[in-house]
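Overview (structure and organization)
The chain contents come next:
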Amino acid sequence: MTGYVIDEAREAREMQACYDELVAACRALKPLTPDEEASILRAYTMAREAHAGTRRKSGEPYIFHPLAVALIAVKEVGLGPTAVVAALLHDVVEDTDITLDELRMVFGDRVAEIVDGVTKIDDVMLMQQTESKQAENYRKILLSMCNDAYVIFLKLCDRLHNMRTLGSMKDTKKLIIASETSYLYIPLAHRLGLYSIKTELEELVMRYTNPEKYAEIEARIAATAGTEERLEECLYQPVRRMLDAAGYHYTLKTRIKSVYSCYKKMENKGIDFDEIYDLYAMRIILTDVPREREKEECFKVYSLITGQFPPNPKRFRDWITQPKNNGYESLQTTVMSPIGRWVEIQIRTERMDTIAEKGMAAHFLYKEAHPEEQLENNPVEEWLQQIRTSLEQSDKSALDLVEEFKESLYTKEIYLFTPHGKTITLPSHSTVLDFAYAIHTDLGHHCIGAKVNARVVGRSERLHTGDQVQVLTTENTQPTEEWLGECQTPHAREAIKLALRARRKEFTAEGKHRLAEYMKSLKVRNNPQNFGQLKRFFNQKSDVDLYYDIAVGTISEHQVAECFGKAHPAPQLFFLDKYKDIHPFLLDREYEGYPTETAPCCKPVQGDQVVGIVRDGKIMVHRTNCREAMKEMANHENHTVRAKWRPGEQLSLLSGIALTAIDRKGLLQEITLHISEELDLNMRAITLEASEGVARGIIMLYVNNIDSLNGLIGKLKSIDGVEDVHRI
Ligand code: MN
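This section reports on the structure supplied with the text. Because the structure is predicted, anything quoted here is derived from the model rather than measured.

Scoring rules and cut-offs
- Residues numbered from 1 in each chain as written.
- Predicted model: local features only at pLDDT ≥ 70, side-chain atom pairs only at ≥ 80, totals over all residues.
- Heavy atoms only, no water.
- Core = buried A, V, L, I, M, F, W, Y, C linked by side-chain atoms within 4.5 Å.
- Buried < 20%, exposed > 50% of the residue type's maximum accessible area, 1.4 Å probe, protein only.
- Helix = DSSP H or I, 4+ residues; strand = E, 2+ residues; numbered from the N terminus.
- Contact = heavy atoms within 4.5 Å.
- Expected span 1.5 Å × (residues − 1).
- Arc of directions from axis to C-beta.
- Pairing = 2+ DSSP bridges.
- Axes fitted to C-alpha atoms, helices over the stretch in contact; angles between N-to-C directions.
- Donors = N, O, S within 2.8 Å, 3.2 Å for Na, K, Ca; no water.
- Polar contact = N/O pair within 3.5 Å; in protein donor to acceptor, adjacent residues only side chain to side chain.
- Phe/Tyr/Trp six-rings, centres within 6.5 Å; stacked < 30°, edge-to-face > 60°.
- Lys NZ or Arg CZ within 6 Å of the ring centre and 35° of its normal.

Thoughts on the nonpolar core
Counting residues in hydrophobic clusters, the biggest one holds 76 residues, and the most contacted among them are L89 and F153. Considering every element that reaches this core, the biggest residue donor is helix α9 (residues 149–164), with ten residues. If sequence neighbours within four positions are ignored, F153 has contacts with V77, L79, L192, L194, A361 and F364.

Next up, the structure:
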């Protein structure tokens, strides 16, 4: 607390001034309703009283910290009254007697949830340090943090203020906070596109973690003193005059590169400080430009400036025609100033500037401010949804979870083209199916594959930047569970889930009907309590899923009986136990152990491509090209189970061959000769009828493998007079 003099009267005045500034900043953003105004005052009063008597390491009253965080939230991020209230209260639950329930009562659910989320992120970091492996807790915390983007925004504001005031902390504490910042918060700021906050955090981290280098570069920059004034005279002023003369409305900003950016450039490119060509930069932000004229106006300004100051042709970047994957748009060039120094020039409109400074956060805030517009594709929401989905599905350890989370902060994107040359941007690792859904839901639903650069590929094929993709569709294709494994983006996943859900719903009546019958025969009352018990027992979140499983037999009467502690025989299981050792099929995991039968209609044998159809708690295995099976699949796609022959099993199965031939003497002998030559075949019956010179025969045999059977068919076809041979 060196140097801090406690003077309560002065502190009270400063608090009030700080609060007034906060309210003014809120009003500048958007006029406040009386309710909002009252809520902000109530939050401030509660926080001030709760933190009363507590001081920060610097010596100042604690309340200055939440006030500063709220001010950053409004002024530097652009968040509104709800975030301000939560910011003012963000430390009261952790540090004072106030409980979450009190916050909920006074300020409502959302504020309480945000404060709770902000509090819990600290716990994540704490766990990180103790290397706790409680993955479950971790997951919950990360999930609560991703529930509301405000939590992350506020935590970043909190962290920024803590970093700005790090000076008064102990050295070890400084290092811990700084490394946490580079471990989690800088990636977060990057992902959300809060670039000015990211830059400042990087600068602060370097100051504390690499103080010598920081001081060295700071000194190099200081040594160029005077250059800015000279540039002002010979470049910045002349540009202003040109723009004024041309009648532009604009803001002109100039900057010197930050210490950290210089350091990074020197490290990455292996160059010396003197070789940094963009140490100085000028940004022209055009205001009042209609959306459709933006590109044209930016190029006009470009040619105006480069007409007078020679550009470096190697340094021209057009991010307007092809924006960066984070949405960044700008024209960029480097011109030679009359004092012989390169100066970087950025030309963009106000809209582009907001995106460049606030990135995804800008989209998010716009949507928050305009709920009535119901905009699609909010990138922040999509990203959070993606994290939530992966957290919910993952069974990883605590450290892996954080690693995965961090990785998601740096997801790269790829550019793809439609056949008409339109660009579609998707996360890297996206597949054909993601692409189809990105264009249109219907295109996704009927997608069977695509032509990628004129090569035909399947739905799950990964795409790469520059690929030109033409989606192939058929009318009678529709999404199945398997599709979920063929896509990457939450957008596609959600669309598929919706379609599956809609289809599952069609089974609700059947499921209800069956359940009612089961309950009746088990003498269990069919009421909401018992239904709830079933849902918990089978771990089903929705009614639709439960009814579906009952309808298709995934949940049998026996299992329902089990749920209510009633005895009910399970005949299928008896069958299964008896034949377990020779269970010939590998099934989808969820159907493992189900009794199977080979279908009488197509009689599949070892080696055939097969598919299972659920019927009355049993699985009928058909050949994939069996017409019965196709009919069944077309009408009840969700009855379909993936099935494969268990490899290495030698199983005899009954199969049939139909044969048509011109009747002649010795035909039967020749046929039986061929059959006996195939050692893997064991004939069971043969019928041969002849009428009007045409013989029709049916041969039933036990078959050990498909090759022998096909071999036999080939041989039978080669018999003189045989017209047709096929399996039945
Ligand atoms: Mn705080």
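Digging into helix α29 (residues 706–718)
Taking 1.5 Å as the rise per residue, α29 with 13 residues should run 18 Å; its terminal C-alpha atoms sit 19 Å apart, in good agreement. Taken together, the buried positions of α29 are I706, S708, L709, L712, I713 and L716. Each buried residue of α29 lies within a common arc of 160 degrees when the element is viewed along its axis, so the set occupies one face. In α29, the exposed residues that point more than 90 degrees away from the buried face are D707 and S718.

Section: unusual backbone geometry
Positive phi, normally seen in glycine, also occurs at N539, with a value near 55 degrees. Mapped onto the elements, N539 comes out in the loop between α23 (528–537) and α24 (543–552). N539 gets classed as exposed once you look at its relative accessible area, which sits at 67%. Even without glycine at this site, K603 takes up a positive phi of about 45 degrees. One can find K603 in the loop between β12 (596–598) and β13 (610–615).

Remarks on the sheet that holds β12
The pairing of strands in a sheet happens through backbone hydrogen bonds and is either parallel or antiparallel. The mixed open sheet is built from five strands, whose spatial order is β11-β15-β13-β14-β12. Each edge of the sheet is formed by a strand with only one pairing partner; in this case those strands are β11 (585–587) and β12. Between one strand and the next, the sheet's axes are offset by a mean angle of 35 degrees, whatever the strand orientation. Summarising the sheet, β12 and strand β14 (residues 618–623) pair through three bridges and their orientation is parallel. Paired with E597 across the strands is M620, a residue of β14.

Describing the coordination of the manganese ion
Protein coordination at the manganese ion comes from H65 (NE2), H90 (NE2), D91 (OD) and D158 (OD), with a distance range of 2.1 to 2.4 Å. The sequence pattern formed by the donor residues of the manganese ion is H-x24-H-D-x66-D. Of this pair, H65 sits in helix α3 (residues 64–77) while D158 sits in helix α9; the two residues are 93 residues apart in sequence, bridging distant segments of the chain. There is no split in this pair, since H65 and D158 are both buried.

So, the environment of D434
Along the chain, D434 falls in helix α19 (residues 432–439). Along the primary structure D434 and L463 are separated by 29 residues, whereas in three dimensions their C-alpha atoms are 9.5 Å apart. Other than its neighbours up to four places away in sequence, D434 contacts L426, C487, Q488, T489 and A492. Within polar-contact distance, the side chain of D434 engages the side chain of T489 at 2.7 Å.

Side note on the packing of aromatic side chains
As enumerated under the stated definition, the model contains seven aromatic pairs in all. Taken together, F299, Y302 and F316 form an aromatic cluster joined through their ring pairs. In this structure, R110 packs its charged tip against the face of Y150, placed 4.2 Å from the ring centre.

Focus: the pairing of strand β2 (residues 280–286)
A regular strand places its side chains on the two faces of the sheet in alternate fashion. In terms of burial, β2 is a largely internal element, seven of the seven residues being buried. Burial along β2 is two-sided: the residues Y280, M282, I284 and L286 and A281, R283 and I285 are all buried. Two elements, strand β1 (residues 250–256) and β2, share seven bridges in a ladder whose sense is antiparallel. Among the inter-strand pairings, R255 is bridged to a residue of β2, identified as A281.

As far as function goes, none of this settles anything; it's purely spatial.
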